[in-house]
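What the coordinates show
Below are the chains, spelled out letter by letter.
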Amino acid sequence: MKTTMTNRRGFLRAGAAGLALGVAAPAYLRAQGAPLKIGHLTPTTGFLGPLGEYAQMGIKLAVDHINANGGAGGRQVELIMEDSVNPQTASTKAERMFERDQVDMIIGEISSASCLTISQVAARYGKVFVNTGGNSDSLRGQDCNRYMFHVETQNSMYVNAEGQYFKTQDMVEGKNWYMMTADYAFGHDLLAAAKAFLDTNGGQIAGEDLVPTDATDFSSYMLKIRQAQPDVVALNLAGTQITNFFKQYGEFGLDFTLGGFGFDTVSAWAAGAQNFRGTWPNVWNHLVQNDASQAFVQAFTEAYGKPPENQAWGDYNAGLIMARAVAEAGDAGGDALVDYLESEEAQFDLMKNRKGYFRPSDHQLIQEIYAITALPADEVQNEYDIFTTSDPLPGSDEPLETLAQSVTGGTCSL
């Protein structure tokens, strides 16, 4: 794995937490001694559990770096973490965090359905919720609210990025696609965006299946795919669903072009180089060649013994963003943070080529993303570097919002 020579001590002293986001407190705020309490909710069990583990590692490292660099507006950060489990439990735990634990904000989540219930609780308390893993367009559309912000990229952005790649490979117009979709809010929303893209660009659907989130045996689906003989098999799956599909796809000897519209690198790592294949959209990965990015990879690897997954990147950066927001706003109250995050000066170094910003109309973090492509198994050198990464998307000559157009999910009214 390629990393810079920056060591963890140097990173803590002058790395991303201190320089890229400027979280050290202005002098006039240093008198504020009360700790900043951050609640963190994410699933650490079930089919999204492997992602949740990386999320917790990311937010813990962020808090370490923030506190080592003077805190958020001079306030040391206290972190309270819980397994969100499911939408109903997530709502209950969010309310308990605001009531009993008196948290100033909540960061986290992966399930789009749980994001919605947490955001509704946060709005009732007038506190900010930062979504780090829920992709559903409807969270940025008809289900948006004033106090919810999105570090994770939305489904339509992933679809547009991956779709552009398939167009360059002449695999869209006039081609037959077979869709495999996770049967919950994220999958349904991603399927709608994928169908909209195919309709616009002349692609055809040869077959589609909704897959239960607890499914582990994909043999019946493999037989249907083999019979359909599609040009492309596109996965709108999540978590361990993708890992299990990869392994069984290879076992059945299927060799149709494989890809998808949403992806986490933990699924590639769990499948292994012998099973991982295709090209996938990715919000960030450990191979991004940027000084701040590689400093983060180095610090994370030294802390946990393995490189960070994209979910760890999301929760880490959400922590840094909110620490800076508290410092700049001079207040951890929901309205003060919303006003700052919507302002023109709120631009953030995300360990990418261009800074990102929250679009005021729906609170989506507008940013570059990437495409990762599986390496042939005989070219793989270790268990983590099993793919290559593209240059940032959109290209440097295109506006950042290029991929965030033609979205589904209804209209946001903040």
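Since this is a predicted model, take the numbers as computed values, not measurements.

**Let's talk about the state of the cysteines**
- Overall, the coordinates contain 1 disulfide when judged by the stated rule.
- The partner cysteine of Cys 144 in its disulfide is Cys 412, sulfur to sulfur 2.1 Å. In this structure, the disulfide formed by Cys 144 and Cys 412 twists by about 95 degrees around the S-S bond and is classed as right-handed. Of this pair, Cys 144 sits in the loop between β4 (128-131) and β5 (148-150) while Cys 412 sits in the segment after β15 (387-389), and the two are 268 residues apart along the sequence. With respect to class, Cys 144 is no different from Cys 412; both count as buried.
- Sulfur of Cys 115: no disulfide; nearest cysteine sulfur belongs to Cys 144 and is 14 Å away.

**Here we look at the nonpolar core**
- Among the nonpolar cores identified, the biggest contains 111 residues, and Met 180, Phe 245, Phe 276 and Met 322 are the most heavily contacted of them.
- Among the elements that take part in this core, helix α12 (residues 310-329) stands out by supplying 10 residues, more than any other.
- When near neighbours in sequence (up to four residues on either side) are disregarded, Met 180 contacts Asp 209, Val 211, Phe 218, Tyr 221, Ile 225, Ala 234, Leu 235, Asn 236, Leu 237 and Phe 245.
- Residues Phe 98, Cys 115, Val 121 and Phe 129 belong to the second largest nonpolar core, which totals 14 residues.

**Some remarks on the layout of surface pockets**
- Considered as a void within the structure, the largest pocket measures approximately 440 Å³ in volume.
- Looking at the largest pocket, it is lined by 24 residues, and the ones nearest its centre are Asn 160, Ala 161, Gln 164, Phe 197 and Leu 403.
- Breaking the lining of the largest pocket down by element, the ones donating at least two residues are α6 (155-168), α7 (185-201) and β14 (370-374).
- In terms of residue count, the dominant contributor to the lining of the largest pocket is α6 (7 residues).
- Tallied by class, the residues present in the lining of the largest pocket amount to 9 nonpolar, 13 polar and 2 charged.

**Examining the pattern of salt bridges**
- All chains considered together, the criterion is met by 12 salt bridges.
- We note a salt bridge from Asp 335 to Arg 146, for which the minimum N-O separation is 3.3 Å. With Asp 335 in helix α13 (residues 334-341) and Arg 146 in the loop between β4 and β5, the pair connects residues that are 189 residues apart, well separated along the chain.
- On the accessibility criterion, Asp 335 (38% relative accessible area) is partly exposed.
- Owing to a relative accessible area of 26%, Arg 146 belongs among the partly exposed residues under this scheme.
- Arg 354 is the salt-bridge partner of Glu 368, the closest N and O atoms lying 3.5 Å from each other. Separated by 14 residues along the polypeptide, Glu 368 in the loop between β13 (365-366) and β14 and Arg 354 in the loop between β11 (347-348) and β12 (356-358) bring together distant segments of the chain.
- Because the salt bridges share partners, they merge into one network encompassing Glu 82, Lys 93 and Arg 96.

**Digging into the side chain of Arg 75**
- The residue Arg 75 is located in the loop between α3 (49-68) and β2 (77-83) in this model.
- A residue is classified by how much of its surface remains accessible, and Arg 75, at 11% relative accessible area, is buried.

**Regarding unusual backbone geometry**
- Put simply, Leu 393 and Pro 394 share a cis peptide bond, and its omega is 0 degrees.
- Here Pro 394 lies in the segment after β15.
- Positive phi values are uncommon outside glycine, yet Gln 229 reaches one of about 50 degrees.
- Relative to the helices and strands, Gln 229 is located in the loop between α8 (219-228) and β8 (232-236).
- With a phi angle near 65 degrees, Met 351 is a residue other than glycine that sits in the positive phi range.

**Topic: the UniProt feature "domain: Leucine-binding protein" (unreviewed entry) in the protein chain**
- The UniProt feature table records "domain: Leucine-binding protein" (unreviewed entry) at residues 35-372.
- Within residues 35-372, the helical portion is 44% and the strand portion 19%, while the C-alpha atoms at the span's ends are 40 Å from each other.

Basis of the calculations
For every chain, the first residue of its written sequence is number 1, and the numbers climb from 1 along that sequence. This being a predicted model, a pLDDT of at least 70 is required before a residue's local features are given, and a value of 80 or more before pairs of side-chain atoms are given or counted; all residues contribute to the totals for chains, interfaces and linings. As a convention, hydrogens and water are excluded, and side-chain values are obtained from all of the structure's heavy atoms. When two cysteine sulfur atoms are found within 2.5 Å, that pair is recorded as a disulfide. Only DSSP runs of H or I with at least four residues qualify as helices, and only runs of E with at least two residues qualify as strands; both kinds are numbered from the N terminus onward. Relative accessibility thresholds used throughout: buried, under 20% of the residue-type maximum; exposed, over 50%; partly exposed, between the two (1.4 Å probe, protein chains only). Take the buried Ala, Val, Leu, Ile, Met, Phe, Trp, Tyr and Cys residues and link them wherever side-chain atoms come within 4.5 Å; each set so joined is a nonpolar core. Note on definitions: a residue-residue contact is assigned when non-hydrogen atoms from the two residues lie within 4.5 Å. Both site types are read off a 1 Å grid over the protein atoms alone. A 1.4 Å probe that fits but cannot get out defines a cavity, while an open set with protein on both sides within 12 Å along at least five of seven lines defines a pocket; lining residues have an atom within 4 Å of a point. Grid points are joined across faces, edges and corners, and a volume is the space filled by probe spheres set on the points. Polar here means any residue outside two lists: the nonpolar Ala, Val, Leu, Ile, Met, Phe, Trp, Tyr, Cys and Pro, and the charged Asp, Glu, Lys and Arg; Gly therefore counts as polar. What counts as a salt bridge is simple: a side-chain nitrogen of Lys or Arg found within 4 Å of a carboxyl oxygen of Asp or Glu. UniProt positions are given in the numbering used here, feature names are shortened, and annotations may be inferred rather than shown by experiment.

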